[in-house]
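Now for the letters of each chain:
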Amino acid sequence: MAAFDDLLGGDVEPIEALDAEHLGDLLGVSGRTVRDLAKRGILSKSGNGFPARESARAYCAHLRAQAAGRGGSVNLTQERVRVAREQADSLALKNAIARGEMLSAREVERAWSSVLRDVRSAMLALPSRIQQRLPHLSKDDVSGIDLEVRAALEEASNGL
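Because the structure is a prediction, the values reported are computed rather than measured.

Chemist: What should I look at first to understand the overall build of the protein in this one?
Modeler: Summing up its helical and strand segments, the protein has seven helices and two strands in all. Taken across its 160 residues, the protein has 17% of its residues classed as buried. Here the contacts in the protein between residues at least 6 apart in sequence split such that 41% fall between residues at least 24 apart. Accessible surface computed for the protein: about 12,500 Å², of which carbon and sulfur atoms make up 53%.

This is how it looks when you write it as structure tokens:
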């Protein structure tokens, strides 16, 4: 593998350190980006500037880490995709509600509570209705039916 300094032109003297602007030019970024990378600890400054070889390697390692999803900073593309998905899901949910394909959990709970209250009332009314239809039953018979209906309701409520 050719030495970094050889890649710069063969008979050029080795570059020891560069200021932020010159390193940025070499890396294809602005001097401001170089200073930002230094603040974030990706590039390190030594003496009178940034060591060219070490800085280039550190910057390439940083780019590889970002491409592999290991970068410390949030991947903007991934975040945009996540936001787009959330917006699409939200719109699909709103459309389903508007078409009447979905109901809120509160509405469903309220409706089922009403139905179950009506069922409970009808079941508790059974013993007196049975007594009216079958007048030959004793009060003990009707009381036994009442106890069984209440026990069944209690058992059903414990299953919920």
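Chemist: How should I be thinking about helix 2 (residues 20–27) in this particular structure?
Modeler: Residues separated by three or four positions in an α-helix point in the same direction, a consequence of the helix having 3.6 residues per turn. Burial in helix 2 covers these residues: Ala20, Leu23, Gly24 and Leu27. Buried positions in helix 2, seen along its axis, are confined to an arc of 105 degrees and lie on one side of it. Pointing more than 90 degrees away from the buried face of helix 2 are the exposed residues His22 and Asp25. Here the buried face of helix 2 lies against strand 1 (17–18), helix 3 (31–39), strand 2 (50–51) and helix 4 (52–67). Phi for Gly28, located one or two positions after helix 2, is positive at around 85 degrees.

Chemist: Looking at this model, I keep getting lost on the pattern of salt bridges. Mind explaining?
Modeler: One side chain can pair with another of opposite charge once the charged atoms of both are near each other. Per the stated rule, a full pass over the model turns up five salt bridges. Where Glu79 meets Arg82, a salt bridge forms, and the shortest distance between an N and an O atom there is 3.2 Å. Taken together, the positions of Glu79 and Arg82, both in helix 5 (residues 76–98) and three residues apart, correspond to about one turn of that helix. Among the residues examined, Arg82 registers a relative accessible area of 42% and is labelled partly exposed. Between Arg150 and Asp146 there is a salt bridge, with its nearest N and O atoms 3.0 Å apart. Here Arg150 pairs with Asp146, and both are found in helix 7 (residues 139–159), just four residues apart, close to one helical turn. Arg150 sits in the partly exposed class, given a relative accessible area of 43%.

Chemist: Hey, could you run me through the side chain of His62 in this one?
Modeler: Following the sequence through the fold, His62 ends up in helix 4. For His62, a relative accessible area of 13% gives the class buried. Residues within four places of His62 in sequence aside, it is in contact with Leu37, Arg40 and Ile42.

Chemist: In this structure, what is going on with a nonpolar patch on the surface? I would like to understand it.
Modeler: A contiguous nonpolar surface patch, about 550 Å² in accessible area, is contributed by Leu103, Val108, Trp112, Val115, Leu116 and Val119. Within the element layout of this structure, Leu116 appears in helix 6 (residues 105–133).

Chemist: How do you make sense of the packing of helix 6 against helix 7 when you look at a structure like this?
Modeler: Any two packed helices are characterised by the angle at which their axes cross and by the distance between the axes. The geometry of helix 6 relative to helix 7 is characterised by a closest axis approach of 9 Å and an angle of 165 degrees between their N-to-C directions. With respect to their mutual orientation, helix 6 and helix 7 come out roughly antiparallel. The way helix 6 lies across helix 7 gives a crossing that is right-handed. Note on element contacts: helix 7 touches helix 6 through Val142, Ile145, Asp146, Val149, Arg150 and Leu153, opposite Arg120, Met123, Leu124, Leu126, Pro127, Ile130 and Gln131. Of the residues in the contact of helix 6 with helix 7, the class split is nine nonpolar, one polar and three charged.

Chemist: Just to check I follow, could you spell out the side chain of Ser55 for this structure?
Modeler: Here Ser55 is to be found in helix 4. On the basis of relative accessibility, which here comes to 2%, the residue Ser55 falls in the buried class. When sequence neighbours within four positions are dropped, the list of residues in contact with Ser55 reads Leu23, Leu43, Ser44 and Phe50.

Parameters at a glance
- Within each chain, residue numbers correspond to sequence positions counted from 1 in written order.
- At least 70 in pLDDT is required for a residue's local features to be given in this predicted model, at least 80 for side-chain atom pairs to be given and counted, and no such filter applies to totals for whole chains, interfaces and linings, which use all residues.
- Neither water nor hydrogens contribute to the side-chain values; these are computed over all heavy atoms in the structure.
- We count a stretch as a helix when DSSP gives it H or I for four or more residues in a row; a strand needs E for two or more, and each element gets its number in order from the N terminus.
- To sort residues, take the accessible area from a 1.4 Å probe on protein chains only and compare it with the maximum for the residue type: under 20% means buried, over 50% means exposed, and anything in between is partly exposed.
- By definition, residues are in contact when any of their heavy atoms lie within 4.5 Å.
- With residues, only the protein chains shown are counted as cover, and all accessible areas are computed by Shrake-Rupley using a 1.4 Å probe.
- Taking the helix axis as origin, the arc is that swept by the directions to the C-beta atoms.
- The term salt bridge refers to a side-chain nitrogen of Lys or Arg lying within 4 Å of a carboxyl oxygen of Asp or Glu.
- Patch membership needs two things, relative accessible area over 30% and no salt bridge, and members are linked within 9 Å if like-charged or within 5 Å if nonpolar (Val, Leu, Ile, Met, Phe, Trp, Tyr).
- Lines fitted to C-alpha atoms define the axes here, with helix axes fitted over just the stretch in contact, and angles between the N-to-C directions of these axes take values from 0 to 180 degrees.
- Roughly parallel means an angle under 35 degrees; roughly antiparallel means over 145; roughly perpendicular covers 65 to 115; every other angle is labelled oblique.
- By definition, any crossing whose near helix is turned counterclockwise from its far helix by less than a right angle is left-handed, and any crossing with a clockwise turn is right-handed.
- Classification convention: Asp, Glu, Lys, Arg as charged; Ala, Val, Leu, Ile, Met, Phe, Trp, Tyr, Cys, Pro as nonpolar; all other residues, Gly among them, as polar.

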